[in-house]
Each structure stands twice: as structure tokens, then as C-alpha cells.
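# Analysis of the macromolecular model
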Amino acid sequence: MQLLHGTVQHYAWGTTDAIPELMGVPGDGRPFAEYWLGAHPLSPSELGGETLDAVVREHPEIIGEPSRKAFGDQLPYLMKVLSARHALSLQAHPSRDQAEEGYARENAAGLAPDAPERTYRDDWPKPELLIALDEFHTLSGFRDPRRTAALFGGLGVADALVSVIGPLTERKGPAALAEVFLDVLSLDGERARLSEQVCAAAMRHKDAPGELGEFARTVLELDEVFTADPGILAALLMNRVVLQPGEAVFVPAGQMHAHLRGTGIEVMANSDNVIRGGLTSKHVDVGELVRVVDFSSGEPEILRPEPVGAGVDHYATPCPEFDVWRVRAGADLPGDLPGTGSARILLVVQGRAELTLGEQRLTLTKGESAFLSAADDRVTMLGDATAFVAASGVR
């Protein structure tokens, strides 16, 4: 049981204040987009003066035997704090089989690990769970095509867009969404100006009630950052989801998504693989999108934690790489922390916590985190803290 120090990622889309405020450090004007807690080799955390990935290599037994059998001698998950002031790129993540095949393929082609045209940075999948710390807005999965066509009609641009969105009503199922999404990515010439017409129409409907108003405001929000980008049309095929604090959304392999704004806890498989699908200046591999993205439509499920013990709430997902709990401390909640049998990462997001393991004590305040090895199986938490705990999904 030791204090764990994460690493900050200063991506341009990040907020300048939320992560510094959580960590209790002054901001410096730069965007603090993500705070990583884990052993990913691109940006490993620090544990006892060493990087966590090095500690795991030297002492793989700290992971826990069930996780080692399932995933080898590496920590199978990564915890992050993510804080977005504006939209990230449209993106999806591969399954394990797709990641292994794609990584091997790009290695065989001689692509450097940091090559801009590279899609696969490692051979792992990247399912994700996003838990809101404040009101969090995201795009997740595809809306029913006919509803989307009706919304474009409500803006008064259906006729102008018929060459692009026609398949939404003329074809059925995933094929309709795939055709429109991929067509939007190739818009050029005069057709590339269609997004400008949609933005102009959105201005006239930004105060409309209900779903049409939300649709119009999404256009304008994206246009502020990606002015007249055809990718805005691709984003409008997707469901907008608003999470309240404590609510979560699970992003499985193949699901197109784009976080819009807000701060939350992300837990994911230990990967940095991103297949981008628009609203970005980075490489967009259309062929890989066709292979990876699930173009089925449906309403995303908002996950709410389920109580599983005194002060312990569980976020249930089908993911074997990770498991996640919210834990609240109190004098009357002295139970063991969940996730025993696995290496665990605990992050305090509110208050002060005292972790106890036998005679050992570790005090954490807001923004601090701890690493618990698989052998640290009887850890209790007292104080007035709220924390999130991640562990392997197999134990």
C-alpha cells in the first residue's frame, strides 16, 4: 500500500482548472486534459521512486494471479481523470482481436511507433467506462436513422442535404448509417459547404424546445471549435447523452463516441488505441473505421452504481480488464475495500481518507491516490472521503 503519483496530459481540448483544483495545485494556464494513473508505457505513474510499469516488470506478483493468467504480467487497466472544455474527435476503439491484428500489421509495414499515420499504438483493446464528476456531455453511439432525418428536416435542411442523408430513410439498419457517415468524411468541393448551411439553420432553431433545440445547439457547439467542418454532420448522427454526477456510460469496442465537455473518471483497458472518425486534424483511416465501427443504432444506457455493501457502490460492466467502485468513508463504514485479489488503484475525489492495512496507515487527501498490491487484501478506509477504486475484472 503506497502513495501513487500520476501524470498529466496537456491536450489542447482540456480545461485549465478542474484537474489542478482536484489535485490541490495551482493552474499555470495550460490545459490539463487528463491525469493518468496506471502503468501504460507512454506515461506511467510513479510508485516509490520508480515508474509503475517498471515495478510491475520487477514484481509481477503484485498484479494478482488471476489477472496474470488472463492478461500476462501487466496491469490490465488504466484510470484517468478527464476534463474537457470542448469536443474531442469522433473516435472508436478496437476489440482485442482487432487490436492484435492491426498492431501486428502496422509493425510489419514498418510504421514507427509515433508515426502520424499509425492507428494502433499497442495490441490491446480499449473498452471504457466514463463516470461523471460534474455534469458531463458526450456523444455515444448512433441515433435511430429516421429520427436523425426528421431532425435535419426540423432544421429545414433536409432538401439541401438529400444527396448525403438520403440513405437514412431509403435504406435500413447499419448500412444506412455506414453509408452516410463514410460519405460525410469524403465531402469536398461544393458539398463540403453543406455544413455551413446546417450551421446557419441551427442558429434559427437554437432556442427551440426539446430534441430539435438540443440538436441545433450541438451543431453550434461543434462549429465553435471545428468551424464548417464536414465532420459536424457525422457527429449529428449520434446520440447526445448528459450525465449527472455519479452517472456513467460504458463504451464497448466499436462504438463511435466523442466527449463534449465536463470532468469525469475514466477507467479503461490499458491501451491508447484510437480510431478517429472526424473532427480532427489527425490521421483518419477510413478502411479501419469500416472494419472496427459498429454502425448499429440504439439508445445508450446510462449506468448508475449499485450498492453492494456499506458505503460501496459498483459500476457493472461486461469488461474483464477492469472493475470499478465508488467508496464513501465514515466512522460507521469500516468494511474492507472491494477488489481484493487484484492490484488496485484508489483515487480520492473528495475529503480525507485513512487507509489501514494491519499496522500500516496511509492518509490521502482530495486528489491523492494509492496503489494496493494483490497481497494488500484487508485494506479499510475511514475518514470523510469519497474515492473511486479500480481493479482487474478477473479475480
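As the structure is a prediction and not an experimental result, all values here were calculated from the model.

Our focus in this paragraph is the pattern of salt bridges. The tally for this structure, following the rule as stated, stands at 27 salt bridges. In this structure, Glu-247 engages Arg-304 in a salt bridge whose closest nitrogen and oxygen atoms are separated by 3.2 Å. In this pair, Glu-247 is assigned in the loop between strand S10 (238-243) and strand S11 (248-251) and Arg-304 in the loop between strand S14 (302-303) and strand S15 (306-309), connecting sequence segments 57 residues apart. For Glu-247, a relative accessible area of 13% gives the class buried.

This part is about unusual backbone geometry. One non-glycine residue, Ala-228, lies in the positive phi region at around 55°. Note on placement: Ala-228 falls in the loop between helix H10 (210-225) and helix H11 (231-235). Positive phi values are uncommon outside glycine, yet Leu-279 reaches one of about 55°. Among the secondary structure elements, Leu-279 is positioned in the loop between strand S13 (275-276) and helix H12 (286-292).

This part takes up H10. Counted at 1.5 Å a residue, the expected span for H10 with its 16 residues is 22 Å, and the 24 Å between its end C-alpha atoms agrees. Buried within H10 are the following residues: Gly-213, Phe-215, Ala-216, Thr-218, Val-219, Leu-220, Leu-222 and Asp-223.

Within the secondary structure, Ala-234 is located in helix H11. Spatially, the C-alpha atoms of Ala-234 and Gln-350 are 38 Å apart, while their sequence positions differ by 116 residues.

A few words now on helix H5 (residues 145-155). Among all positions in H5, only Pro-145, Thr-148, Ala-149, Leu-151, Phe-152 and Leu-155 are buried. An end-on view of H5 places all buried positions within 160° of arc, on one side of the element. Here the buried face of H5 lies against helix H6 (162-165), helix H7 (167-170), helix H8 (174-185), helix H9 (194-205), H10 and H11. A distance of 3.1 Å separates the backbone nitrogen of Arg-146 from a side-chain oxygen at the start of H5, and that oxygen is part of Asp-144. Phi for Gly-156, located one or two positions after H5, is positive at around 85°.

About the cut-offs
Residues numbered from 1 in each chain as written. Predicted model: local features only at pLDDT ≥ 70, side-chain atom pairs only at ≥ 80, totals over all residues. Heavy atoms only, no water. Salt bridge = Lys/Arg side-chain N within 4 Å of Asp/Glu carboxyl O. Helix = DSSP H or I, 4+ residues; strand = E, 2+ residues; numbered from the N terminus. Buried < 20%, exposed > 50% of the residue type's maximum accessible area, 1.4 Å probe, protein only. Expected span 1.5 Å × (residues − 1). Arc of directions from axis to C-beta. Contact = heavy atoms within 4.5 Å. Polar contact = N/O pair within 3.5 Å; in protein donor to acceptor, adjacent residues only side chain to side chain.

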